[in-house]
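What follows is each chain in one-letter form.
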Amino acid sequence: MSGELSATGLRFGIAVSRFNSFITERLLAAAVDALERAGATSKEVDVVRVPGAFELPLTSKKLAQTGKYDALIAIGCVIRGETAHYDYVCSETSRGLQLAQMDTGVPVIFCVLTVDTLEQAIDRAGLKSGNKGFEAGLAAIEMGRLSKKLRGNAGGAVANAGQKKKAQRG
Ligand code: INI
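Residues numbered from 1 in each chain as written. Predicted model: local features only at pLDDT ≥ 70, side-chain atom pairs only at ≥ 80, totals over all residues. Heavy atoms only, no water.

**Student:** I tried to follow the site of the ligand on my own but got confused; where do I start?
**Tutor:** As a structural note, the neighbourhood of the ligand is formed by Ser17, Phe19, Asn20, Gly52, Ala53, Phe54, Glu55, Cys77, Val78, Ile79, His85 and Val89. One of the side-chain N or O atoms of Asn20 is found 3.4 Å from an oxygen atom in the ligand. Ala53 places a polar main-chain atom, nitrogen or oxygen, 2.8 Å from an oxygen atom of the ligand. Relative to its free-state accessible area of 460 Å², the ligand is covered by the protein chains to the extent of 74%. Secondary-structure elements contributing two or more residues to the shell around the ligand are strand 3 (71–79) and helix 3 (85–104). Sorting elements by how many residues they give to the shell around the ligand places strand 3 first, with three residues. Its residues placed into classes, the shell around the ligand shows seven nonpolar, four polar and one charged. (Near = heavy atom within 4 Å. Polar contact = N/O pair within 3.5 Å; in protein donor to acceptor, adjacent residues only side chain to side chain. Areas by Shrake-Rupley, 256 points an atom, 1.4 Å probe, with all protein chains shown as cover. Helix = DSSP H or I, 4+ residues; strand = E, 2+ residues; numbered from the N terminus. Nonpolar A, V, L, I, M, F, W, Y, C, P; charged D, E, K, R; others polar.)

So this is what it looks like as structure tokens:
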């Protein structure tokens, strides 16, 4: 089983960091492009801006808890500096985003570039290495679809188990 790449009828939330916005806005544009080219309308895509990558987990969790979205995308760009700040921001952002999706059951796509240089970031935001935002858009569609299917199947499995028990009881 897998999720089809059709965004029609799905709702998406995108949390995007303003820090390094030169990069994150390019990732955002490509993510929205992927969603819309696969059938999502602009009404079905909500964008929320936050100060930096560190704020993405809480915002994603809050978006997930609204129950409005089939999938979320967290967009950020962390560029290594001269101190350990980079390591804290990267590890807490990735850990927090994983927790947000595990706690809520809503897929949260990790579109946070963690790079050593600005050049590496540019390469991943539309230059040599494509655009990670577009890939994140596709991942959000696939996971949104798959989650919908699995919810359906889970309901079916529970219903089947109930029917079997009834049948056993006679
Ligand atoms: N936030 C980023 O998104 N990218 C960075 O590269 C970055 N650096 O290098 O410091 C960064 N820091 C800010 C952080 O995400 C928080 O917004 C801030 O600490 C307030 O909580």
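Here the narrative resumes.
**Student:** Would you take a moment to explain unusual backbone geometry for this structure?
**Tutor:** In most cases, non-glycine residues show a negative phi, while peptide bonds are predominantly trans. A positive phi angle, close to 60°, is found at Asn20, a residue other than glycine. Note on placement: Asn20 falls in the loop between strand 1 (12–17) and helix 1 (21–37). Its relative accessible area of 24% is what places Asn20 among the partly exposed residues. (Buried < 20%, exposed > 50% of the residue type's maximum accessible area, 1.4 Å probe, protein only.)

**Student:** What exactly am I supposed to notice about the nonpolar core here?
**Tutor:** Core analysis: the biggest nonpolar cluster contains 27 residues, and Phe12, Ile14, Leu35, Ile73 and Ile75 have the highest contact counts within it. Within the residue set of this core, elements represented by two or more residues are strand 1, helix 1, strand 3, strand 4 (108–115) and helix 5 (132–169). Sorting elements by how many residues they give to this core places helix 1 first, with six residues. Those residues in contact with Leu35 that sit more than four places away from it in its chain are Ala7, Phe12, Ile14, Ala40, Val45, Ile73, Gly137 and Ile141. Among the nonpolar cores identified, the runner-up in size contains 18 residues, and Ala53, Tyr69, Leu97 and Val108 belong to it. (Core = buried A, V, L, I, M, F, W, Y, C linked by side-chain atoms within 4.5 Å. Contact = heavy atoms within 4.5 Å.)

**Student:** For this particular structure, what's the right way to read the layout of surface pockets?
**Tutor:** One simple way to see leftover space: roll a probe sized like a water molecule over the atoms. Here the largest pocket is characterised by a volume of approximately 230 Å³. Lining of the largest pocket is provided by 16 residues; of these, Phe19, Val78, Ile79, His85 and Val89 occupy positions nearest its centre. Looking at the lining of the largest pocket, the elements that each hand over two or more residues are strand 3 and helix 3. Partitioned by chemical class, the residues of the lining of the largest pocket number eight nonpolar, six polar and two charged. (1 Å grid on protein atoms, 1.4 Å probe; cavity = no way out; pocket = protein on both sides within 12 Å on 5 of 7 lines; lining within 4 Å. Points joined across faces, edges and corners; volume = space filled by probe spheres on them.)

**Student:** I'm lost on the side chain of Glu44 in this one. Help?
**Tutor:** Mapped onto the elements of the fold, Glu44 is located in the loop between helix 1 and strand 2 (45–50). No salt bridge is formed by the buried Glu44, whose closest oppositely charged neighbour, Arg11, lies at an N-O distance of 6.5 Å. If sequence neighbours within four positions are ignored, Glu44 has contacts with Gly9, Leu10, Arg11, Phe12 and Gly39. (Lys, Arg positive; Asp, Glu negative; His and termini not counted. Salt bridge = Lys/Arg side-chain N within 4 Å of Asp/Glu carboxyl O.)

**Student:** Honestly, the pairing of strand 4 in this entry has me stumped. Any pointers?
**Tutor:** Each regular strand carries side chains that alternate between the two faces of the sheet. Most of strand 4 is tucked away: six of the eight residues are buried. When strand 3 meets strand 4, the two strands line up parallel, connected through eight bridges. Along strand 4, the bridge assignment pairs Ile73 with Ile109. For the crossover from strand 3 across helix 3 to strand 4, the handedness is right-handed. (Pairing = 2+ DSSP bridges. Right-handed = clockwise from strand over helix to strand, strands pointing away.)

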